[in-house]
Amino acid sequence: MKILVAVKRVVDYNVQIRVKEDGSGIITDNVKMSTNPPDDNATEEAVKIKEAGKSKEVVAVTIGEEKAQETVRKALAVGADRGIHVKIDGIIEPLAVAKILQKVVEKEKPDLVFMGKQAIDDDCNQTGQMLSALLNWPQATFASKIEVKDKKLEVTREIDEGLETVEINIPAIVTCDLRLNEPRYASLPNIMKAKKKPIEQLNASDLGVDTSSRIEQIKVEEPPKRKAGIKVSSVAELVQKLKNEAKVI
Amino acid sequence: MAVLLIAEHNNKELRPFTLNAVTAASQIDNEVHAIVIGQNCTEAAKSLSELPLVKKVIHVEAVHYENFVAENFAPVIVKLADNYSHIVCSANTFGKNLMPRIAAALDTSQISDITKVVSSDTFLRPIYAGNAFATVKSKDAKKCVTIRPTSFDSCESSGGSAPIEKAEACEEFGRTKFIRREEIKSDRPELGTARVVISGGRGMQSGDNFKLITSIADKLNAAIGASRAAVDAGYISNDHQVGQTGKVVVPDLYIAVGISGAIQHLAGMKESKIIVAINKDGEAPIFSVADYGLEADLFEALPQFLEELNKLNTIQK
Amino acid sequence: MSREAMEYDVIIVGGGPSGLTTAIKLKQLDSSLNICLLEKASEIGAHILSGNVFETRALDELLPNWKDLNSPIKTKVKKEKFLFLSKTKSLSWPTWLLPNVQQNHKNYIISLANLCRWLGEQAEALGVEIFPGFPASEILYNEDGSVKGVATQDMGIDKDGNKKDSFEPGIDLIGKVTVFAEGCRGHLGKQLIKKFELDKGKDPQQYGIGFKEIWEIDDKNHEEGLVMHTAGWPLDNNTYGGSFIYHAENKQVFLGYVIGLDYKNPYLSPFDEFQRFKTHPVIRKIIEGGKRISYGARALIEGGFQSLPKMFMPGALLIGCDAGTLNMPKIKGSHTAMKSGIIAAETIFESIKENKDLSIFEDKFNKSWIYEELYRARNVKPSFNWGLIIGIIFTGIDQILFRGKLPFTLKHKHADHETLKPANKMQKIEYPKYDNVITFDKTSSVYLTGTNHTDNQPVHLQLKDPNLPISYTLEKFDEPAVRYCPAGVYEIQKEKDINKFVINSQNCIHCKTCDIKEPSQNINWVTPEGGGGPKYGNM
């Protein structure tokens, strides 16, 4: 079984992002970038399945500018076997990402595609589902547990009401929740070895995919600052206000 | 053209967020049609038809719709999509799972989790976990939009009488099988989805004192939160932590008790509809975001608060 | 347990200006050398904080064509001001009356963090293996006592010291030579100085704590290339310190404050002095209407020549501010740190190729301009022991008339942890409340640093005696850690009338002030799990 893991390079989750003054986006110069956190869970799960002898190869793929390669290197350092970097500059929407991944899937013919459930930059939560639709494959989103059975996966999903378990036939897409596992650290010798693992470079433009933007980003702004309200003088007044003015109790 | 709203339900009742989604849909276009897909879900369809904002209900039944599998649902919507300019659903796990599958099939770039309808093609949505907001305009002919339920009021739930039309089911997808759902029943609502959250901070002084908060939470059917300081001090476990590194919550009512209001904490709750702060220190930064601030010793204020709540004959839950 | 080991020609601990310079210079001298550079931050530059007005002298030697290499050195100093502040007034000191060392017209206003990122790229392009996120936690020794290398930190240990599922053991990195370039108060450097008695016959090291904020300010207040320093208010005559205000590119000002850690009053809060400083009319005018976008703090070396330890030992070199090469009157340490890196590389090259002893470092060092610079600067800092006014007069005579060549050397008498007076003998200081416009509290400040440490790991701020903070330090000094820590790591918390000393180690921004100033030297700063700490951008 072959597993393709899609990883994305995003602003590190500890960095306090800043909005550009002209409203055209977020400042990313000299900002620490990392792999999208749930994508690390996706890689970890794929590597675990491989270590359990149920997969022969784990391939990490990323789509983005030159430096996006770092995320593939990181996946290689924690156990992926080889990497693919599809080069494209600028913002690409999930639909275009899904279409590029579709081409990669057609070329690589994996049995499973894993990725994080959502990227922490655009917070779209679309790519995995879109890829499933394009491929007409089963999808198991927000996975917190994956069991590999013969030609099938049993996946526990985190849903609003609690947990849901589905069984999906391979080939399939799984999007991973942070609760799925605890990603391992890349050890120093493995980082060294990862430097020698191959990363295939593709150009998005060569794949024959329409990546043009369908959504115009008009402006990006900081969240509105909340205005201070009033001070109440007693608990009784507070409860009255909550009941009659704010109508929340 | 009309807006098609996908209703979320449990085959009997509508899920509450559907009412918020209807409100958002009606802000895009008056002509809101709502679709209910399920098995033995006549009652849910009926509830939907009673929403005054809904002009028409489409009701689709089949055994394989019992468990809301996105692979089965998507083709139903795609088949009907020709008649609609927008397809709308709430951005909870149901909608998040389903909508992109529809959008990709329609070759549409989806707009997720909107908090405001600016116009029929332009929307406001949070990015970077709400640390920035993007105004985005869809250039697609057909728009797939998921809405953040807590950003829209719920619509009127009775008085309407929209016609209910039956529509044909599609074939079962077949390669995805629902096994089971374990609804986590807790006496208390989940921190992430609760309508009311009451949080304690370092000012609580001990884990024991959190029972003051628990008794009010019981009364208001609220979830219990905490600041990182309270978690670090060991008063409460870290799954209660609200803030940048904990959970981001957007309840109707957030009550911060003995929390000074470090930015990390504010980042996790400042989108709440109504914020109440109870703190001894009148200069605490939490007051700068509170709608109602009470400068008081929490050990006196909380018992009084409970007493006042007990006096009320009705409490919204 | 035996760990995996990897061998290199040279191991460098720390990816700051001195470590990166050593790496680059070594590769220039011999591209076949295998060099491994460890950095505890999640990426090069993320733990670097500095003013910074940059003198290019060492960089000119290292990479003479730096101007063609897209370096982040862009804003030339165009104008200088030096102000004495009283509570409400300011007095401008004519620049021609400033000692040479404080004249900056050939220098550049830069972000040292960005310079290090760029140096890191240069080093990697030359084949240096850089490993960010890997703190060196332990020194390895050969049987003969010489330094053998370092071990990296074990990852995935829980707060009680047990292995988590994600446990990943550290590895031994073995080098022919190991270079320690951790910056001011490196936790391994500290051990080496003790073990090899590198500070024998030297004065106790002197430190300061430096704060920096970056503000994006109104166009009309911004004057790119303006360098401004102040002395005086809010510090009293007996506390050593001052401010910097550098107008950098993109409408930013780098605003900072440095306070000598030899201050005496345990009630002094360096953080609050800095916040208060910003409310001075002259400063407020600059930043009003602007927005604070970054905050950080870091201890720095102030001891200079008299306190500079021996920088070589069997198997290893100690360079940059890990030893203490900062030139205090010049308020600059990047060029000297880099120069010490160049000398280190030349030493190592000869040592490996010609089998020379590392002690040749000293001779090279003493013959270089860095020695000359530090020697001439040596009397400035200690003269401020006589107070600000006499200090300034003396410095004028020493630096302008005699150019640092007075025939005597003033001594640093005390280590910084010895200078606090008992709390009951000193006056409490009431600091103004934060207005959240110009002045801010510690937590919202730390938030801007992007600091995080993985949950559930051992506390990296170790107490030698866990009872001492309450039983002694609180009693005698009213626990100054609460005030000297710029990140709110330490708190005294009353629980049912019993005082508890709380360490919020997650907040730690790796400044090392506690390790320096704690009166009983009871706090030992060790490396947390790799990648933890601040994530500074262009600091």
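Residues numbered from 1 in each chain as written. Chains lettered and ligands numbered in written order. Predicted model: local features only at pLDDT ≥ 70, side-chain atom pairs only at ≥ 80, totals over all residues. Heavy atoms only, no water.

What to know about the overall build of chain C
Thinking step 1. The number of helices and strands found in chain C is 16 helices and 24 strands.
Thinking step 2. Relative to a compact globule of 539 residues, whose C-alpha radius of gyration would be 24 Å, chain C shows 22 Å and is just as compact.
Thinking step 3. A principal-axis box enclosing the C-alpha atoms of chain C has dimensions of 60 × 60 × 45 Å.
Thinking step 4. Counting only residues that meet the buried cut, chain C has 64% of its 539 residues in that class.
Thinking step 5. A separation of at least 24 residues holds for 77% of the contacts in chain C among residues at least 6 apart in sequence.
Thinking step 6. Here chain C has roughly 20500 Å² of accessible surface; of this, 50% comes from carbon and sulfur atoms.
Thinking step 7. In chain C, which carries 66 positive and 66 negative side-chain charges, the distance between the mean positions of the two groups comes to 6 Å. (Helix = DSSP H or I, 4+ residues; strand = E, 2+ residues; numbered from the N terminus. Rg over C-alpha atoms; globule rule 2.2 N^0.38 Å. Buried < 20%, exposed > 50% of the residue type's maximum accessible area, 1.4 Å probe, protein only. Contact = heavy atoms within 4.5 Å. Areas by Shrake-Rupley, 256 points an atom, 1.4 Å probe, with all protein chains shown as cover. Lys, Arg positive; Asp, Glu negative; His and termini not counted. Charge placed at Lys NZ, Arg CZ, Asp CG, Glu CD.)

Points about the sheet that holds strand β18 (residues 291–301) of chain C
All names here are of chain C.
Thinking step 1. As summarised here, the arrangement of the 7 strands in space is β6-β5-β15-β16-β17-β14-β18, forming an open sheet in which the pairing is mixed. The two strands at the open ends of the sheet, each matched to only one other strand, are β6 (90–93) and β18. Ignoring strand direction, the axes of neighbouring strands in this sheet form an average angle of 20°.
Thinking step 2. Bridging between strand β5 (residues 79–85) and strand β15 (residues 226–232) involves 7 bridges; their strand directions are parallel. Residue leucine 85 lies in a different strand from β15, and its bridge partner there is glycine 232. (Pairing = 2+ DSSP bridges. Axes fitted to C-alpha atoms, helices over the stretch in contact; angles between N-to-C directions.)

Overview of the packing of helix α1 (residues 17–29) of chain C against helix α8 (residues 334–354) of chain C
Residues and elements named next belong to chain C.
Thinking step 1. Following both chains from N to C, one finds α1 and α8 inclined at 35°, their axes separated by 7 Å at the closest point. Viewed along their axes, α1 and α8 form a crossing whose handedness is right-handed. Between α1 and α8, the residues in contact are Pro17, Ser18, Thr21, Thr22, Lys25, Leu26 and Leu29 and Ser334, Ala337, Met338, Ser340, Gly341, Ile342, Ala344, Ala345, Glu346, Ile348 and Phe349, respectively.
Thinking step 2. Its residues assigned to classes, the contact of α1 with α8 shows 10 nonpolar, 6 polar and 2 charged. (Left-handed = near helix turned anticlockwise from the far one by under 90°. Nonpolar A, V, L, I, M, F, W, Y, C, P; charged D, E, K, R; others polar.)

Describing the pattern of salt bridges
Thinking step 1. Going through the model one piece at a time under the given rule, you end up with 72 salt bridges over all chains.
Thinking step 2. The partner of arginine 15 of chain B in a salt bridge is glutamate 8 of chain B, and the shortest N-O contact between them spans 4.0 Å. By the burial criterion, arginine 15 of chain B is buried, and glutamate 8 of chain B matches it.
Thinking step 3. The network of salt bridges with shared partners includes Lys2, Glu57, Arg82, Lys107, Glu108 and Glu200 of chain A. (Salt bridge = Lys/Arg side-chain N within 4 Å of Asp/Glu carboxyl O.)

Regarding the state of the cysteines
Thinking step 1. Going through the model one piece at a time under the given rule, you end up with 0 disulfides over all chains.
Thinking step 2. Just so you know, cysteine 155 of chain B is unpaired, no disulfide at all, and the nearest cysteine sulfur is the one on cysteine 89 of chain B, 14 Å from it. (Disulfide = S-S within 2.5 Å.)

As for the pairing of strand β16 (residues 241–247) of chain C
Side chains on a regular strand alternate between the two faces of the sheet.
Residue and element names in this part refer to chain C.
Thinking step 1. By the criterion of burial, β16 is predominantly enclosed, with 6 of the 7 residues buried.
Thinking step 2. Bridge count for β15 against β16 is 4 bridges, and the pairing is antiparallel. Residue pairing for β16: methionine 228 is matched across the bridge by isoleucine 245.
Thinking step 3. The pairing of β16 with strand β17 (residues 252–260) spans 7 bridges and is classified as antiparallel. Across the sheet, phenylalanine 244 pairs through a bridge with glycine 256, a residue of β17.

Limitation: the analysis is restricted to geometry and does not speak to function.
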